[in-house]
Structure formats: C-alpha cells, structure tokens
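Letter by letter, the chains look like this.
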Amino acid sequence: ESEKEVFIAGSIGPSTRNITLAIDLTEEELRASYRTLIEALNREGADIFLIESITDVRNAEIAAEECRKVAPEKPIIFSATLSKIGGLLVSGRPIEKFVEDVTKFEPLAIGFNCSHGVKNIIDNIELLARFTTLPLYAAPSAGVPDSRGKYPESVKKHTESLRTAAERGLLSIVGGCCGTTVE
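Residues numbered from 1 in each chain as written. Predicted model: local features only at pLDDT ≥ 70, side-chain atom pairs only at ≥ 80, totals over all residues. Heavy atoms only, no water.

**So, empty space enclosed by the protein**
Applying the stated criterion across every chain yields a total of one cavity of 30 Å³ or more. Only strand 2 (48–54) and helix 2 (57–70) provide two or more residues apiece to the lining of the largest cavity. Sort the elements by how many residues they give to the lining of the largest cavity and strand 2 lands first, with four residues. (1 Å grid on protein atoms, 1.4 Å probe; cavity = no way out; pocket = protein on both sides within 12 Å on 5 of 7 lines; lining within 4 Å. Points joined across faces, edges and corners; volume = space filled by probe spheres on them. Helix = DSSP H or I, 4+ residues; strand = E, 2+ residues; numbered from the N terminus.)

**Some remarks on the layout of surface pockets**
Space inside the largest pocket adds up to approximately 240 Å³. Class assignment of the residues belonging to the lining of the largest pocket gives a composition of six nonpolar, eight polar and two charged. (Nonpolar A, V, L, I, M, F, W, Y, C, P; charged D, E, K, R; others polar.)

**Examining the packing of aromatic side chains**
What the rule picks out here adds up to one aromatic pair. Measuring from centroid to centroid gives 5.9 Å for Phe78 and Phe105, while their planes differ by 45°, and the two rings are tilted. Placement of the pair is Phe78 in strand 3 (residues 76–80) and Phe105 in the loop between helix 3 (95–103) and strand 4 (109–114), with a sequence separation of 27 residues. Here Phe78 falls in the buried class, since its relative accessible area comes to 0%. (Phe/Tyr/Trp six-rings, centres within 6.5 Å; stacked < 30°, edge-to-face > 60°. Buried < 20%, exposed > 50% of the residue type's maximum accessible area, 1.4 Å probe, protein only.)

**Things to note about the nonpolar core**
Among soluble globular proteins, nonpolar side chains are generally buried collectively. The biggest cluster of nonpolar side chains holds 41 residues, and the ones touching the most others in it are Ile12, Ile51, Phe78, Phe98, Phe112, Ile125 and Leu171. In terms of nonpolar packing, the next biggest core, distinct from the first, is built from six residues, Ile48, Leu50, Ile77 and Ala139 among them. (Core = buried A, V, L, I, M, F, W, Y, C linked by side-chain atoms within 4.5 Å.)

**What to know about the environment of Ile8**
One can find Ile8 in the segment before strand 1 (9–12). Distance from Ile8 to Ala142, taken between C-alpha atoms, is 23 Å for residues 134 residues apart in sequence. With residues up to four places along the chain from it excluded, the contact list for Ile8 reads Gly45, Ala46, Asp47 and Ile48. (Contact = heavy atoms within 4.5 Å.)

**Re the sheet that holds strand 6 (residues 173–174)**
Spatial strand order, 1-2-3-4-5-6: six strands in an open sheet with parallel pairing. Two strands in the sheet have a free side with no partner beyond their single neighbour: strand 1 and strand 6. Pairing geometry for strand 5 (residues 136–140) and strand 6, over two bridges, is parallel. Residue pairing in the sheet places Tyr137 in a bridge with Ile173 of strand 6. Sitting on the sheet, helix 3 touches strand 2, strand 3 and strand 4, and the angle it makes with strand 4 is about 130°. Packed on one face of the sheet, helix 4 (residues 118–131) meets strand 4 and strand 5 and runs near 160° to strand 4. (Pairing = 2+ DSSP bridges. Axes fitted to C-alpha atoms, helices over the stretch in contact; angles between N-to-C directions.)

**A short note on helix 5 (residues 155–167)**
Over its 13 residues, helix 5 extends 18 Å from the first C-alpha to the last, a length consistent with the 18 Å expected when each residue adds 1.5 Å. Among the residues making up helix 5, those that are buried are His158, Leu162 and Ala165. Summarising the axial view, the buried residues of helix 5 lie within an arc of 65°, below the 170-degree limit, and thus occupy one face. Residues of helix 5 that are exposed and point more than 90 degrees away from the buried face comprise Lys156 and Glu167. Residues of helix 5 that are buried sit in contact with helix 4, strand 5 and strand 6. Gly169 occupies a position one or two residues after helix 5 and carries a positive phi of about 85°. (Expected span 1.5 Å × (residues − 1). Arc of directions from axis to C-beta.)

**Thoughts on the pattern of salt bridges**
The tally for this structure, following the rule as stated, stands at 17 salt bridges. For Asp24, the salt bridge identified is with Arg17, shortest N-O distance 3.0 Å. Look at Asp24 and you get partly exposed, because its relative accessible area is 47%. Arg17 sits in the partly exposed class, given a relative accessible area of 36%. The residue Glu126 makes a salt bridge to Arg168 at a minimum N-O spacing of 2.7 Å. Of the two residues, Glu126 sits in helix 4 while Arg168 sits in the loop between helix 5 and strand 6, which places them 42 residues apart along the sequence. Taking the relative accessible area as the measure of exposure, Glu126 reaches 30% and is therefore partly exposed. Salt bridges here are not isolated pairs; linked through shared partners, they connect Glu27, Glu28, Arg31, Arg35, Arg58, Glu61, Glu65, Glu66, Lys69 and Lys104. (Salt bridge = Lys/Arg side-chain N within 4 Å of Asp/Glu carboxyl O.)

Written as structure tokens, this is what we have:
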C-alpha cells in the first residue's frame, strides 16, 4: 500500500543446529526445514530471500541451494553474525572465506546483521569491502542488552553511523536488528 516501490525480503534465519557440528540432525532434515520456509516465503510473495544471522556457512549454503530450487530467479542476500574479534564470523570463519563460500550463489548483496552493535558491523563492513565488489548490507543490533534487557546504543548513534558508512559508499542496504525500533 506504499506510494513507493518496495521489495519484500523474506527472512531465512539460522536453524537451532549448525549442521557442521550437529550429531542429532541430518542434512536432509535441515534441507526439508529450510524448504518448508522458503516455499512459504515464495508463495506469500517475498521478492528477495534474506539468509540472515548466519553462524554456520554450510547451513547458509543449504538454504541457498533450496532457494535456487524453489525460485531460481529470486535474489538472495547473505548476512552473517560477527564475532567480537574483528574479521571473523561468530563461528570463527574469516570474512574472506565467507565471501568465497557464498559468491558462487551470485548474491544480490552480502553483509552482516545483529552482532555486537553498529561499530562492530561498520568496522567489519570496511574489511568486507576489500574482498567483494557486491553491494554491502548492514543491519546491526542496538548493542548487547544488559541484565534488564536494555540495549545500550541510541537511535542517534545507530543511524548516524549507518548514514556515515552509506555516504562513504560502504553500504547499499541498511536496517536494524535486535533492539532497534522504527525510529
């Protein structure tokens, strides 16, 4: 109902099991789970598949393979979750290897979401830009919540940091994850 042209990204989040570590999940069970979600997103009109909060790259590859089977024409965005240690996904996989892993799926964009707040994401987006010419995506959390569930980052810090990165040509798609609001 928007006056603007909009695209709906169907979120494909992480499973509760990393297939590379799981002893109680088969690859076919994981595929079937992703297929059910991807078929529903496709049926309900998602324009883009957003494989997000990636912790296990193999899970993301399986999800992408199922996306290509269900709707080969639809673009995919890959978005990983970062470690506190610069240059690494939360799984310990280097960003450069992550790019190599997902580039074969010809994604629309690649980037990071959630993680440890906007600074963590922007610092690693600068590194990511060295390894790819793809459009870059960032949807940081508002930091890590305290024991009361309060997120530390202000709307101002979050939006100004993303705006600055976009103005520097580092970002093509931005958003927010845990703890962010409509503001």
